[in-house]
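Each chain, written out:
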Amino acid sequence: MTAMHKRLKAQLDVDSRRAHLSNAQIALEMDFSRGLRLAHLRHLATGADWIPQPPAFAWGCMIPLATLGAVEPTDVWPDLAPPSSEFLLKLADGTALTGAAAGVVPERCRAHIEGDVASLDVTVALDTPPLEITVHSELRAGLPLVRRWTTLRNTGAEPIRFRQLLSLLLSVRPSAADLDLYWVEAFHHPGVSKSGVRWRQATVHQERLGPATRRT
């Protein structure tokens with residue numbers, strides 16, 4: 001399915017297992033041939049790709065790090081490869097699951113443009129626990145920003161307890177320079193109005209990251 005606008009594009013191709021979302025400033029591409037991964041996040045004016053591709057790495061080919069040759073301890077590639085996984089879900093029992101463990105559900109995926117907003121909804125399913133996880137991506141015409149969030153749907157008969165969901169698990173390195181990272185963290189439970197529980201409100205973060213720095 002493809003939606004086009006003079007300044008926006010939203011495309012999801014089940015046959016090629018790729019999804020694309022772009023405006024005039026930025027483009028992101030997801031790959032769901034082996035689970036769900038963010039393959040590229042490009043700044044179109046400069047051509048910079050924020051998702052690092054190690055030397056001799058070809059997307060779609062699994063190349064062990066040992067085949068990349070000897071690396072120095074300060075080399076950032078082993079720490080950043082392979083490409084980014086879309087989410088990290090930690091269950092109450094300590095089990096950790098990422099987008100690499102999930103299979104796409106084509107009938108629950110959507111590429112859509114409405115007005116000046118282009119969006120992609122890509123849904124993947126886990127067998128254990130029985131969950132559907134939808135990764136939402138949104139772009140607006142004229143803004144070099146991506147809005148992304150994740151929703152969960154329990155497809156089983158029993159409650160599922162989890163203790164953490166990272167809805168965007170990224171390895172980024174567009175250059176050797178330090179990065180100024182800005183992000184918004186929020187959490188919403190659909191029963192908040194009924195329970196009266198005050199869940200975490202939107203929090204804006206800013207931090208400068210050096211080479212091979214990890215942040216959660």
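Structure: see above.
Given the structure is predicted, the values throughout are model-derived calculations rather than measurements.

Caption draft 1: Summary view of the overall build of the chain. Summing up its helical and strand segments, the chain has two helices and 17 strands in all. Taking the intrachain contacts of the chain between residues at least 6 apart in sequence as the baseline, contacts between residues at least 24 apart amount to 48%. Here the chain has roughly 12700 Å² of accessible surface; of this, 53% comes from carbon and sulfur atoms.

Caption draft 2: Structural view of the pattern of salt bridges. Considering all chains together, one arrives at nine salt bridges under this definition. For Arg108, the salt bridge identified is with Glu132, shortest N-O distance 2.5 Å. Of this pair, Arg108 sits in the loop between β10 (103-104) and β11 (110-114) while Glu132 is found in strand β13 (residues 131-140), placing the two residues 24 residues apart along the sequence. Taking the relative accessible area as the measure of exposure, Glu132 reaches 12% and is therefore buried. Connected through salt bridges with shared partners, the residues Arg18, Glu29 and Asp31 form a single ionic network.

Caption draft 3: Structural context of the sheet that holds strand β9 (residues 96-98). Here we have three strands laid out as an open sheet, ordered β9-β8-β15, and antiparallel in their pairing. Every other strand in the sheet has two partners, leaving β9 and β15 (162-166) as the edge strands with one partner each. Ignoring which end each strand starts from, the neighbouring axes of this sheet average 15° apart. Relative to β9, strand β8 (residues 88-91) runs antiparallel, the two being bridged by three bridges. Across the sheet, residue Lys90 finds its bridge partner in β9, namely Ala96.

Caption draft 4: Representation of the packing of aromatic side chains in the model. Applying the stated criterion across every chain yields a total of zero aromatic pairs. When the ring centre of Trp149 is taken as reference, the NZ or CZ atom of Arg147 above it lies at 4.2 Å.

Caption draft 5: Highlighting the environment of Arg208. Along the chain, the position of Arg208 falls in strand β17 (residues 203-209). With relative accessibility at 57%, the residue Arg208 sits in the exposed group. Sequence separation of Arg208 and Asp178 is 30 residues, and the distance between their C-alpha atoms is 6.7 Å. The residues touching Arg208, leaving out its near neighbours within four places in the chain, are Asp178, Leu179 and Asp180. A distance of 2.8 Å separates the side chain of Arg208 from the side chain of Asp180, its partner in a polar contact.

Caption draft 6: Molecular detail of the nonpolar core. Judged by nonpolar contacts, the single largest core of 32 residues is most densely connected at Leu12, Met30 and Val122. Elements supplying a minimum of two residues to this core: β2 (8-13), β3 (18-22), β4 (26-31), β5 (37-43), β8, β11, β12 (117-126) and β13. With five residues, the top contributor of residues to this core is β12. Contacts of Val122, omitting those with residues within four sequence positions, involve Leu12, Ala19, Met30, Leu36, Val104, Cys109, Ile133, Thr134 and Val135.

Caption draft 7: Examining the environment of Leu12 more closely. Within the secondary structure, Leu12 sits in strand β2. Of the residues examined, Leu12 reaches a relative accessible area of 2% and is grouped as buried. It is 9.9 Å that separates the C-alpha atoms of Leu12 and Asp31, two residues lying 19 residues apart in sequence.

Caption draft 8: Structural view of the pairing of β3. With respect to burial, β3 is a largely interior element, five of its five residues being buried. Of the two faces of β3, the one carrying Arg18, His20 and Ser22 and the one carrying Ala19 and Leu21 are both buried. One ladder, built from five bridges, connects β2 with β3; its direction is antiparallel. By the bridge assignment, Leu12 is partnered in β3 with Ala19. In textbook terms, the turn of a hairpin is the stretch between consecutive antiparallel strands, and for β2 and β3 this stretch comprises four residues, one of which, Arg17, has a positive phi near 60°. Two strands pair when backbone bridges link them, and β3 and β4 are joined in this way by five bridges, in the antiparallel orientation. Its bridge partner lying in β4, Leu21 is registered against Leu28. Taking the residues that link successive antiparallel strands as the turn, the β3-β4 hairpin has three residues.

About the cut-offs
Residues numbered from 1 in each chain as written. Predicted model: local features only at pLDDT ≥ 70, side-chain atom pairs only at ≥ 80, totals over all residues. Heavy atoms only, no water. Helix = DSSP H or I, 4+ residues; strand = E, 2+ residues; numbered from the N terminus. Contact = heavy atoms within 4.5 Å. Areas by Shrake-Rupley, 256 points an atom, 1.4 Å probe, with all protein chains shown as cover. Salt bridge = Lys/Arg side-chain N within 4 Å of Asp/Glu carboxyl O. Buried < 20%, exposed > 50% of the residue type's maximum accessible area, 1.4 Å probe, protein only. Pairing = 2+ DSSP bridges. Axes fitted to C-alpha atoms, helices over the stretch in contact; angles between N-to-C directions. Phe/Tyr/Trp six-rings, centres within 6.5 Å; stacked < 30°, edge-to-face > 60°. Lys NZ or Arg CZ within 6 Å of the ring centre and 35° of its normal. Polar contact = N/O pair within 3.5 Å; in protein donor to acceptor, adjacent residues only side chain to side chain. Core = buried A, V, L, I, M, F, W, Y, C linked by side-chain atoms within 4.5 Å.

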